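# Coordinates in review
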Amino acid sequence: MIRNIIFDMGGVLVHYDPEHFVDLLSVSAEDKALLMREVFRTVAWFRMDRGTMGEAEAAASMKANLPPRLHGAADRLMAWWELELRPMEGMEDLVRELKELGCGVYLLSNATLRQPEYFDRLPVSRYMDGRMVSAFYQLLKPQHEIFEAMLQEFGLRAEECFFVDDLNINVEAAMLTGMSGTVFRGAGELRRSLREAGIPVSGGDSA
């Protein structure tokens, strides 16, 4: 029986689209490609999420491969939530309904040490029974260790957990630890998946 729902953050509870964040800076197509490659697709970015590299060191590493005209843009992208922090449509209502049904609601996110600064601004944050942010544990999804740590940290049983993520590889990793789960494709489809898993959520009005 499913008793707990574990949510990813970016792409599930909030919109997370690096290309869109770069577009908000109104740079040229050439500079957009540089910023995507040298900010979001760097080892330094993932090391920040793992908690093994600080923000200042990561920024210096990124800027070393960028022309000076883009250094300010790199700084702004590292704090992408200040450019735009947009909740995912329909998800606050769904999370609130899950709480009303008596489900435990948890967060499992690959994110930096600064995650609490912006996540707490989101209304959905008030419903969380527990949070695991990768940088604080020096683990990353899809490592099986982060899922095991999640279960241990909050005293959860894998077979009673349903995991929601926007990446197939992370959902598969959760399943390998004994959880069930689904790839997020909108609040409406998630409601259908939860009902199929035995959680009696309503149909809602989200597509």
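These remarks concern the structure in this document. Since the model is a prediction, treat every value here as computed from it, not as a measurement.

Turning our eyes to something else, we now look at the sheet that holds strand 1 (residues 4–7). Pairing is parallel in the open sheet, where five strands are placed in the order 3-2-1-4-5. Strand pairing shows two members of the sheet lacking a second neighbour, strand 3 (130–133) and strand 5 (180–183), which therefore form its edges. Pairwise comparison of adjacent strand axes, ignoring direction, gives a mean angle of 20° for this sheet. Of the strands in this sheet, strand 1 and strand 2 (104–109) touch helix 7 (residues 91–100), which is tilted by about 155° from strand 1. Of the strands in this sheet, strand 1, strand 4 (161–165) and strand 5 touch helix 12 (residues 187–196), which is tilted by about 160° from strand 4.

With that settled, the discussion passes to the packing of aromatic side chains. Scanning all chains against the criterion turns up nine aromatic pairs. For the pair Trp 80 and Trp 81, a centre-to-centre distance of 5.7 Å together with 85° between the ring planes defines the contact as edge-to-face. Accessibility assignment for this pair places Trp 80 and Trp 81 in one class, buried. Here the aromatic rings of Trp 80 and Tyr 118 are separated by 5.3 Å at their centres, their planes lie at 65°, and the arrangement is edge-to-face. Residue Trp 80 is found in helix 6 (residues 80–83), and its partner Tyr 118 is found in helix 8 (residues 115–119); the two are separated by 38 residues along the sequence.

So, on to unusual backbone geometry. In the segment running from Lys 141 into Pro 142, the intervening peptide bond is cis, with an omega of 10°. Along the chain, Pro 142 turns up in the loop between helix 9 (134–137) and helix 10 (144–154). With phi around 55°, Ser 26 is a residue other than glycine that occupies positive phi space. Residue position: Ser 26 is located in the loop between helix 1 (18–23) and helix 2 (29–40). The exposure class assigned to Ser 26 is exposed, which follows from its relative accessible area of 65%. One non-glycine residue with positive phi stands out, namely Gln 138, at about 55°. Here Gln 138 lies in the loop between helix 9 and helix 10.

With that settled, the discussion passes to empty space enclosed by the protein. Taken as a whole and judged by the stated rule, the model has one cavity of 30 Å³ or more. Of the pockets and cavities examined, the largest cavity occupies roughly 50 Å³. Lining the largest cavity, in full, are Leu 13, Pro 87, Met 88, Met 91, Glu 92, Leu 122, Pro 123 and Val 124. For the lining of the largest cavity, the class distribution of residues is seven nonpolar, no polar and one charged.

Our next topic: the packing of helix 2 against helix 5 (residues 71–78). Where helix 2 contacts helix 5, the two axes come as close as 11 Å, and the packing angle between them is 55°. Here helix 2 is positioned oblique relative to helix 5, judged by the angle of their axes. Where helix 2 crosses over helix 5, the two elements pack in a sense that is right-handed. Within the contact between the two elements, helix 2 uses Leu 35, Val 39 and Phe 40 and helix 5 uses Ala 73, Ala 74 and Leu 77. Here the contact of helix 2 with helix 5 is built from residues that sort into six nonpolar, no polar and no charged.

A few words now on the layout of surface pockets. Of the voids in this model, the largest pocket is the one considered here, and its volume is about 680 Å³. Around the largest pocket sit 33 residues that line it, and Tyr 16, Trp 45, Phe 46, Asp 49 and Asn 110 are the ones nearest its centre. Mapped by element, the contributors of at least two residues to the lining of the largest pocket are helix 2, helix 3 (43–50) and helix 6. Split into classes, the residues belonging to the lining of the largest pocket amount to 17 nonpolar, eight polar and eight charged.

About the cut-offs
- All residue numbers here refer to positions counted from 1 along the written sequence of the relevant chain.
- Where totals are concerned, whole chains, interfaces and linings use all residues; where local detail is concerned, this predicted model gives features only for residues with pLDDT of at least 70, and gives and counts side-chain atom pairs only at 80 or more.
- Only hydrogens and water are set aside when side-chain values are computed; all heavy atoms of the structure are taken into account.
- Following DSSP output, two strands are said to pair if at least two bridges run between them.
- Helix and strand definitions follow DSSP, with helices as H or I runs of at least four residues and strands as E runs of at least two, each counted in order from the N terminus.
- Each axis is a line fitted through C-alpha atoms, taken for helices only over the stretch in contact, and angles between the N-to-C directions span 0 to 180 degrees.
- Pairs of residues are marked as contacts when any of their non-hydrogen atoms sit within 4.5 Å.
- Stacked, tilted and edge-to-face are the three classes applied to pairs of Phe, Tyr and Trp rings, where Trp contributes its six-membered ring and a pair requires centres within 6.5 Å; stacked means planes under 30 degrees apart, edge-to-face means over 60, and tilted covers the rest.
- Think of it in three bands: with a 1.4 Å probe and only protein chains considered, a residue is buried below 20% of the maximum accessible area for its type, exposed above 50%, and partly exposed in between.
- Both site types are read off a 1 Å grid over the protein atoms alone. A 1.4 Å probe that fits but cannot get out defines a cavity, while an open set with protein on both sides within 12 Å along at least five of seven lines defines a pocket; lining residues have an atom within 4 Å of a point.
- Grid points are joined across faces, edges and corners, and a volume is the space filled by probe spheres set on the points.
- In this classification, the charged set is Asp, Glu, Lys and Arg, the nonpolar set is Ala, Val, Leu, Ile, Met, Phe, Trp, Tyr, Cys and Pro, and all remaining amino acids, among them Gly, are polar.
- Reported orientations rely on four angle classes, namely roughly parallel under 35 degrees, roughly antiparallel over 145, roughly perpendicular from 65 to 115, and oblique for the rest.
- Handedness of a crossing is defined here by the sense of rotation of the near helix relative to the far one, left-handed for an anticlockwise turn of less than a right angle and right-handed for a clockwise turn.

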